[in-house]
Amino acid sequence: MSHELVETYSCMPSTERGRGILISGDPKSNRMLYTNGRSVVIMNLQNPLQVSVYGDHAYPATVARFSPNGEWVASADVSGTVRIWGTRNDFVLKKEFRVLSGRIDDLHWSPDGLRIVACGDAKGNSFVRAFMWDSGTNVGEFDGHSRRVLSCSYKPTRPFRIVTCGEDFLVNFYEGPPFRFKQSHSVSSDKKGIIFDGKTGEKIGELSSEGGHTGSIYAVSWSPDGKQVLTVSADKYAKVWDISEDNNGKVKKTLTCPGSGGVEDMLVGCLWLNDYLVTVSLGGTISIFLASDLDKAPTSFSGHMKNVSSLTILRSNPRVLLSSSYDGLIVKWIQGIGYSGKLQRKENSQIKCLAAVEDEIVTSGFDNKLFNECGHLIHWVVFFIRYGQINGGPNFKHLQYLKSLMFLPLTPSFPFSPDNQIRRVSLHGDQCGDTEAIDIGNQPKDFSVAFQSPELALVSIDSGVVMLRGTKVVSTINLGFTVSASVVSPDGSEAIIGGQDGKLHIYSISGDTLVEEAVLEKHRGAISVIRYSPDFSMFASGDVNREAVVWDCASQDVKLKNMLYHTARINCLAWSPDSHRIATGSLDTCVIIYEIDQPASNRITIKGAHLGGVYGLVFTDEYNLVSSGEDAFIRVWRITPP
C-alpha cells in the first residue's frame, strides 16, 4: 500500500483580542503567509486548498515574510529566533539566528533582499536589530525605544530608511545603512491614520475622519501602486482609502465581512496582494475581496485555531465531516470543497469528545465556567507601520502609520467549576437546535454511543461508567478500578472498558447494568482508546505505551499483533468501513495504517502527519482517511491498495 495527501483544510491565523496580527504575501505567486502555533502557513489565494506548512520552529511562530524575490522566507518566534528557509526543495533551512532575547513581533526584508530588520521584546533596550541575512552581522544601532517594539518596516527604495513603533507611543526613523537614529514622533490612541514622508519622516497627511473607522484600527496594507490603502478595525469593517495628491486619504469603499456581528467579527489583520484584498477576523474568518470588483461579495472561509481533538462523519453522507476543537468550535467540511460553515451553538462550552448520530450530535467536555473575582484595566498599544508607493512613481517616499489603544480585563485569579455535563444537540443544517445537558455527577473522560441504538450512551468516569438512555442517567456503576477508556457495541449489547492497569474488561449489557464476561491482558500501559470494527467482528485497542492490538470478538483472541511502530502514546483509532484496515494516530505526529489480513510489518506510516500529535482519525470510505491534530489542521489522505 501507499498513500498521498489529497486535501488540507488549514488552520486559521492565531489571533488575540486587543491586538492586530501580521499577514504577508508574495506578489509573484499570490501566496499568503501567516502563523499559528509552531506552524508557518503558505496559502494560495487562488485556491485556498493549496496549503504548505513549515513546522520546524521549536517555539510558537509569530511572523513570517517572503524575501523580495519570493525564493526565501524569514520567520520568527517567541524565543527571539529568526529562521530563513527556502520556499522550494522541502523548505531547506538556510540560516538561523538568535536575534532578540525575547519575543519577535515583526520583521521585514530590505528591498535588495540582503538585510532583515526585526523587532519585539527583549531585556534592556535592545528591542530592534537589523542584520545581514546570510551572516547575521549587525548593520546599525537602534536607540530610542524604552518598551516593546511592535512593528517595523523597510523603505523599499534608496535611500534606505527603517521605521519602528512600540508600546512607548513612539514612532522612530533611522537612516542607513549602517542605521542610526534620526528622529522620533510621539503618538496617541485617537484611532487616526497618519501619513509620513518615508524619506524625511515628517508628517504630510492623514486619513479623513469623515466616514472613517469608529473603533481601533488594527492593521494597514498598501495597494501595489501606492495610491490606495486598506485598513481594518474593531468596528468590524474594512475600508479602502484613496490617497490624494495632497497626501490625505478619503474613504473610497467600506467593505462588510460576513458574520453575526459579535466580538469574533472584529477585523484584526489585512493584506493587499495584487488584485486580492484579504481580511482576518478575531474569530479566524478569512475574507477575500477583489480590488477590481469591490462590490462583489467576498470569498470567506474559516477553520480551527486550536487543537482539533475530535473528528466524525455524517453517516447519511460520509463526505461531510464534523470536527471539534477544545475551545468549543464545531466546523463542517465537505470533501472536495473544504470549509462549509461553523455549527452555530446556543452555548459555547468546551469540547473534548464529539459524536454524530443521525440528526443529532453528542458532546462531552470540560465545561469550566470562568468567574472574574476582581477586574482591572490594562493598556495595550497596537501599532502597524508600512511603507507604500504614492502616485505610482518609482520613489517609495511615504509612510502610513496606524495606532490603537485597547482595554482588556485583567483577572488575577480564575476559579473553575466543572459542571460535569454531556450534551445532546439536534442538528438543523448548519444550526444547532436546543441543547439537552445531562449532569452525570462526575467529570466525563470519554463517551461512546451505540449507533444502532443511539439512545444508549456510555460515559467513562474515573471510578467506573455512567449509562445514559436518551437524556436520563439510568445507572452509575462503580467498577472497582480506574477507567481510562470505554466503548459500547453498535447494537448496545456489549461494552468494553479499558483500565489504567492496561486490562480490557468485557461486559454484557443487561438492562441498566453491566455483567463482566472476560478480562483481556496484553497491554503494558494504560488503555487510551478502544473501537469496534464496523462489522462488529473485531475491536481494536491502543495504549499509552505505544502499542495497538486487534482482537477477535468471538474468540477474544489477538487477531493482529506486534503493532508497536509508534514511538509515543496512541491517541486515536479508526476502522475502514469494510473492516479490512485500521489506522492509528499518536503523539509522535504519525499515522500508521495496517491491513488486517497482513502482518503488522506491512504497514503504511505517514510521518509528520500533524505537528504536535494526531488526535482525530476517521475513514470516509475504504481508501480515504481524514486526520486532525494539535496543529489545528485537517488532512485527507488517499490509500492506494497493493
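Look above for the structure.
These lines cover the structure that appears in this document, whether it is placed above or below. Think of each chain on its own: its residues are numbered from 1, step by step along the sequence as written. In view of the model being predicted, local features appear only for residues whose pLDDT reaches at least 70, and side-chain atom pairs are presented and counted only at 80 or more, with totals across whole chains, interfaces and linings using the full set of residues. Note that water and hydrogens are dropped before the side-chain values are worked out from all heavy atoms of the structure.

Consider a sheet: its strands pair through backbone hydrogen bonds, and that pairing is either parallel or antiparallel. Taking strand neighbours across the sheet as the criterion, the 4 strands line up as S19-S20-S21-S22 in an open arrangement whose pairing is antiparallel. A strand with exactly one partner marks an edge of an open sheet, and here the two such strands are strand S19 (217–222) and strand S22 (249–256). Going from strand to strand, the sheet's axes swing by 25 degrees on average, the running direction of each strand aside. Sheet analysis places strand S20 (residues 228–233) next to strand S21 (residues 237–243), joined by 5 bridges and oriented antiparallel. Pairing between strands requires that DSSP locate at least two bridges from one strand to the other. A helix here means a DSSP run of H or I that spans at least four residues, while a strand means a run of E at least two residues long, and both kinds are numbered starting from the N terminus. With axes taken as lines fitted to C-alpha atoms, and helix axes fitted only over the stretch in contact, angles between N-to-C directions fall between 0 and 180 degrees.

Turning our attention to the sheet that holds strand S54 (residues 604–606). Taken in spatial order, the 4 strands line up as S51-S52-S53-S54 in an open sheet, and their pairing is antiparallel. This sheet does not close on itself; its edge strands, each paired only once, are strand S51 (570–575) and S54. Each neighbouring strand pair of the sheet contributes to a mean axis angle of 20 degrees, computed without reference to strand direction. Where strand S52 (residues 581–586) and strand S53 (residues 591–595) come together, 5 bridges link them in antiparallel fashion.

In this section: unusual backbone geometry. Here the amide bond leading from Gly176 into Pro177 is cis, since omega sits at -5 degrees, within 30 degrees of zero. Looking at the element boundaries, Pro177 is found in the loop between strand S15 (170–175) and strand S16 (180–186). Omega for the peptide link from Pro177 to Pro178 comes to -10 degrees, which places this bond in the cis form. Here Pro178 shows up in the loop between S15 and S16. At Phe169, a residue that is not glycine, the phi angle is positive and equals roughly 65 degrees. Assignment of secondary structure puts Phe169 in the loop between strand S14 (161–166) and S15. For each residue, the accessible area found with a 1.4 Å probe, counting protein chains only, is set against the maximum for its type, and the residue is called buried under 20%, exposed over 50%, and partly exposed in between. For Phe169, a relative accessible area of 27% corresponds to the partly exposed category.

Looking at the element boundaries, Ile593 is found in strand S53. Relative accessible area serves as the criterion here: at 0%, Ile593 is assigned to the buried category. Sequence separation between Ile593 and Leu625 is 32 residues, and the spatial gap between their C-alpha atoms is 9.6 Å.

Quick look at the packing of aromatic side chains now. Any pair of Phe, Tyr and Trp rings, taking the six-membered ring for Trp, is counted once the centres come within 6.5 Å. Such a pair is stacked with planes under 30 degrees apart, edge-to-face with planes over 60 apart, and tilted for the rest. Per the stated rule, a full pass over the model turns up 17 aromatic pairs. With a centroid separation of 6.1 Å and an interplanar angle of 85 degrees, the aromatic rings of Tyr154 and Phe160 are classed as edge-to-face. In textbook terms, an aromatic cluster arises when at least three aromatic residues are bridged by ring pairs, as seen for Phe142, Tyr154, Phe160, Tyr174, Phe179 and Phe181. Two conditions define a charge sitting above a ring: the NZ of Lys or the CZ of Arg must be within 6 Å of the ring centre, and it must be within 35 degrees of the ring normal. Directly above the ring of Tyr565 sits Arg603, whose terminal nitrogen or CZ lies 3.6 Å from the centroid. Positioned over the ring face of Phe633 is Arg635, at 4.7 Å from the centre of the ring.

Moving on: the pattern of salt bridges. The term salt bridge refers to a pairing of a side-chain nitrogen on Lys or Arg with a carboxyl oxygen on Asp or Glu at a separation within 4 Å. Using the criterion set out here, one finds 21 salt bridges in the structure. A salt bridge links Arg31 to Asp26, with the nearest nitrogen and oxygen atoms 3.7 Å apart. One salt bridge connects Asp578 with Arg581, and the closest N-O pair in it is separated by 3.7 Å. Classification of Arg581 as buried rests on a relative accessible area of 4%. Taken together, the shared-partner salt bridges in this structure form one network comprising Arg19, Arg147 and Glu167.

A word on the nonpolar core. For soluble globular proteins, the rule of thumb is that nonpolar side chains tend to be buried together. Side-chain atoms within 4.5 Å link the members of a nonpolar core, which is a set of buried Ala, Val, Leu, Ile, Met, Phe, Trp, Tyr and Cys residues. One finds Ile23, Met32, Tyr34, Leu45, Val278, Ile286 and Ile288 to be the most contacted residues of the largest nonpolar core, which totals 25 residues. Listed by contribution, the elements that provide at least two residues to this core are strand S3 (31–36), strand S4 (39–44), strand S23 (267–273), strand S24 (276–281) and strand S25 (286–290). Two residues qualify as a contact provided that any one of their heavy atoms is within 4.5 Å of a heavy atom in the partner residue. Leave out the neighbours within four places in its chain, and Leu45 touches Asn30, Met32, Leu273, Tyr276, Val278 and Ile288. If you look at the next biggest cluster of nonpolar residues, it comprises 17 residues, including Ile84, Ala118, Ala122 and Phe131.

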